[in-house]
Amino acid sequence: MDRNPSPPPPSCDQEDEEDLAGGDCIGNTVYSKHWLFGVLSGLIQIVTLESDKSGSNDDEQQMELAEEMENEICRVWDMSMDEDVALFLQEFKAPDIFMGVLAKSRCPRLREICVGILGNMACFQEICVSISSCEDRGQVILQCLCDSDPPTLLETSRLLLTCLSQTEVASVWVERIREHPSIYASVCFIMSSSTNADLLVKVGEVVDKLFDLDEKLMLEWIRNGSAPLLDQPRQDSEEQPVFSIVPCVLEAAKQVRSENLEGLDVYMHILQLLTTVDDGIQAIVQCPDTGKATWNFLFDLVCHEFCQAGEPPIILQEQKTVLASVLSVLTAISASQSQQEHLDREEVALPLIDSLIRVIQNMEHCQKKPENSTESDTEEPTTQDDFHMKILKDISCEFLSNIFQALTKETVAQGLKKGQLSKQKCSCVFQSLLPRYSPVVEGFIQVLRDVDKTLAEDLDESFPSVKAQT
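**What about the overall build of the chain?**
Moving on, step 1. Per the secondary structure count, the chain includes 25 helices and zero strands.
Moving on, step 2. By residue count, 50% of the 470 residues in the chain fall in the buried class.
Moving on, step 3. A sequence separation of at least 24 residues applies to 76% of the contacts in the chain between residues at least 6 apart.

**Description of helix H13 (residues 215-223)**
Moving on, step 1. Among the residues of H13, those classed as buried are Leu217, Met218, Leu219, Trp221 and Ile222.
Moving on, step 2. N-cap assignment for H13: the residue whose side-chain oxygen lies 3.2 Å from the backbone N of lysine 216 is aspartate 214.

**Overview of the state of the cysteines**
Moving on, step 1. In the structure shown here, the tally under the stated rule is zero disulfides.
Moving on, step 2. Sulfur of cysteine 366: no disulfide; nearest cysteine sulfur belongs to cysteine 307 and is 8.3 Å away.

**Some remarks on the packing of aromatic side chains**
Moving on, step 1. Taken as a whole and assessed by the stated rule, the structure comprises nine aromatic pairs.
Moving on, step 2. For the ring pair phenylalanine 37 and phenylalanine 88, a centre distance of 5.7 Å and an interplane angle of 50 degrees mean the geometry is tilted. With a gap of 51 residues between them, phenylalanine 37 in helix H2 (residues 33-52) and phenylalanine 88 in helix H4 (residues 83-91) connect regions that are remote in the sequence.
Moving on, step 3. Since its relative accessible area comes to 34%, phenylalanine 37 is described here as partly exposed.
Moving on, step 4. Arranged with centres 5.3 Å apart and planes meeting at 70 degrees, the rings of phenylalanine 430 and phenylalanine 463 form a pair that is edge-to-face. Here phenylalanine 463 lies in the loop between helix H24 (453-462) and helix H25 (464-469) and phenylalanine 430 lies in helix H22 (residues 423-433), a separation of 33 residues in the sequence.
Moving on, step 5. Overall, phenylalanine 430 belongs to the buried group, its relative accessible area being 1%.
Moving on, step 6. Joined through ring pairs, the aromatic side chains of Phe404, Phe430, Phe444 and Phe463 make up one cluster.
Moving on, step 7. Directly above the ring of tryptophan 173 sits arginine 176, whose terminal nitrogen or CZ lies 4.7 Å from the centroid.

**Regarding the nonpolar core**
Moving on, step 1. If you look at the biggest cluster of nonpolar residues, it comprises 153 residues, and the most contacted ones within it are Met191, Trp221, Ile245 and Met268.
Moving on, step 2. Sort the elements by how many residues they give to this core and helix H19 (residues 346-367) lands first, with eleven residues.
Moving on, step 3. If sequence neighbours within four positions are ignored, tryptophan 221 has contacts with Ile177, Ile183, Tyr184, Val187, Val207, Leu210, Phe211 and Ile245.

**Description of the confidence of the model for the chain**
Parts of the model with low pLDDT should not have their predicted coordinates read in detail.
Moving on, step 1. Summing up the model confidence of the chain, the mean pLDDT is 85 and the portion of residues at 70 or higher is 84%.
Moving on, step 2. Taken together, the stretch residues 1-15 has pLDDT below 50 and engages in 22 contacts with residues farther than four places along the chain or on a different chain.
Moving on, step 3. Confidence drops under pLDDT 50 across residues 226-238; counting only partners more than four residues distant or on other chains, this segment forms 16 contacts.

**Digging into the pattern of salt bridges**
Moving on, step 1. Evaluated as defined, the whole model comprises 20 salt bridges.
Moving on, step 2. Here glutamate 205 makes a salt bridge to lysine 202, at a shortest N to O gap of 3.0 Å. Remark: lysine 202 and glutamate 205 occur in helix H12 (residues 197-213); sequence separation between them is three residues, near one turn of the helix.
Moving on, step 3. With a closest N to O distance of 3.1 Å, lysine 390 and aspartate 394 form a salt bridge. Placement of the pair is lysine 390 and aspartate 394 together in helix H20 (residues 375-406), with a separation of four residues, close to one helical turn.
Moving on, step 4. Each of Glu175, Arg178, Asp214 and Glu220 takes part in one network of salt bridges that share partners.

**Let's talk about helix H9 (residues 150-164)**
Moving on, step 1. Between its first and last C-alpha atoms H9 spans 21 Å; for 15 residues at 1.5 Å apiece the expected length is 21 Å, and the two agree.
Moving on, step 2. The buried fraction of H9 is high, at 13 of 15 residues.

**Let's talk about the packing of helix H23 (residues 438-449) against H24**
Moving on, step 1. At their nearest, the axes of H23 and H24 sit 7 Å apart, and the two run at 150 degrees to each other. Of the possible angle classes, the one that applies to H23 and H24 is roughly antiparallel. Here Ile445, Leu448 and Arg449 of H23 come into contact with H24, specifically with Lys453, Leu455, Ala456, Leu459 and Asp460.
Moving on, step 2. Residues of the contact of H23 with H24, tallied by class, amount to five nonpolar, no polar and three charged.

**Comments concerning the side chain of arginine 111**
Moving on, step 1. With respect to the helices, strands and loops of the structure, arginine 111 is situated in helix H6 (residues 108-121).
Moving on, step 2. Residue class for arginine 111 comes out buried when judged on its relative accessible area of 10%.
Moving on, step 3. In contact with arginine 111, not counting residues within four places along its chain, are Val101, Leu102, Ala103, Ser105, Cys144, Asp147 and Thr152.

So, how was this worked out
- Residues numbered from 1 in each chain as written.
- Predicted model: local features only at pLDDT ≥ 70, side-chain atom pairs only at ≥ 80, totals over all residues.
- Heavy atoms only, no water.
- Helix = DSSP H or I, 4+ residues; strand = E, 2+ residues; numbered from the N terminus.
- Buried < 20%, exposed > 50% of the residue type's maximum accessible area, 1.4 Å probe, protein only.
- Contact = heavy atoms within 4.5 Å.
- Polar contact = N/O pair within 3.5 Å; in protein donor to acceptor, adjacent residues only side chain to side chain.
- Disulfide = S-S within 2.5 Å.
- Phe/Tyr/Trp six-rings, centres within 6.5 Å; stacked < 30°, edge-to-face > 60°.
- Lys NZ or Arg CZ within 6 Å of the ring centre and 35° of its normal.
- Core = buried A, V, L, I, M, F, W, Y, C linked by side-chain atoms within 4.5 Å.
- pLDDT = per-residue confidence, 0-100.
- Salt bridge = Lys/Arg side-chain N within 4 Å of Asp/Glu carboxyl O.
- Expected span 1.5 Å × (residues − 1).
- Axes fitted to C-alpha atoms, helices over the stretch in contact; angles between N-to-C directions.
- Parallel < 35°, antiparallel > 145°, perpendicular 65-115°, else oblique.
- Nonpolar A, V, L, I, M, F, W, Y, C, P; charged D, E, K, R; others polar.

See below:
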């Protein structure tokens, strides 16, 4: 049975609504304190009954939640998005009840709902600080990240991401996660094996946030070749999977590729963060299989998915951040000594040139202002877009310069023959590369003279600054 990732809306009848009026209301809401206390008492009873049965032989058997109780606690889940309700729950120690459920209950649905309520409550700073400052609560929440239930994992990831996004407590959570290697194993296991796109996106956001917050933790995870999963029986230790961060990230990216551009963006940014340190680049290229798999996946994205011929140029607005990350990682891989052969091959260099030229052309189209617009009309809304476009252009130019430096006479000849290195396309590249990459342009023209002297002279005339230097 599929379960909603968010709670159903309240379904009070008219008589219930009348009972909610007056001094029984929580803050400025119409929610009843008396009713809420009743639900919390019911939760305590459920956990107590489970604890009484804990000595039975079916101790590990999952328990089902009664429909009526599920509806009631789902209403609390929905209510907890209201600040007055969240603060009321905090005041009356409800988080401790939810933590008790998480620590003791074997009912997946109940655990999902309780961690979901905590996730809603943590959206409010005061409550987030309170939840985060308690070490015992922190341990219980991290333990939930090793759960086997996807909905519970999803809500736990949402809760962790909320806490990591609060500057007052982010460092506390980073340190806790660093102290528990099993978290690394659990996260890698999810990324490498889950087919739940929503879960993969949220876990990816947690990893992305962790790496962005703390380079030391990122380095530790890069170097972490393997770690045991929680609750793994000792006799199975020889069969425990060995997790490396890059293949796990790559597997998750492949899974979300067709379903969720936002998720693909997250995982490509994780790869980009890995390439900001030498250990991360080595983790990608050191193993031939990993390096090849990463290159092939990113190459396929650039040449067969993004900015395809016939698509409207405006599509680049949706793709600009993920494309910048992809090109950044490709640039880092191609600059690695062990991977430089990628750009030496005609079947690689020419499709990349074709795709990058299309990216640049679409970029120029997107940055043109409408004829009837004024600077004041468009300046504010496009500031962020312009920033991301500039990043994409810089990365595209750097990657193009690497490709052009690696071009051989044979590849140039084939490019001219296939129309991928026409005068118009070369001019487009030169306009982007000059003046920053003048030596690259000069070197390309030198190679071009041996293949098509007339075209080389035409380009010299069109770009006199290069001709003057040669």
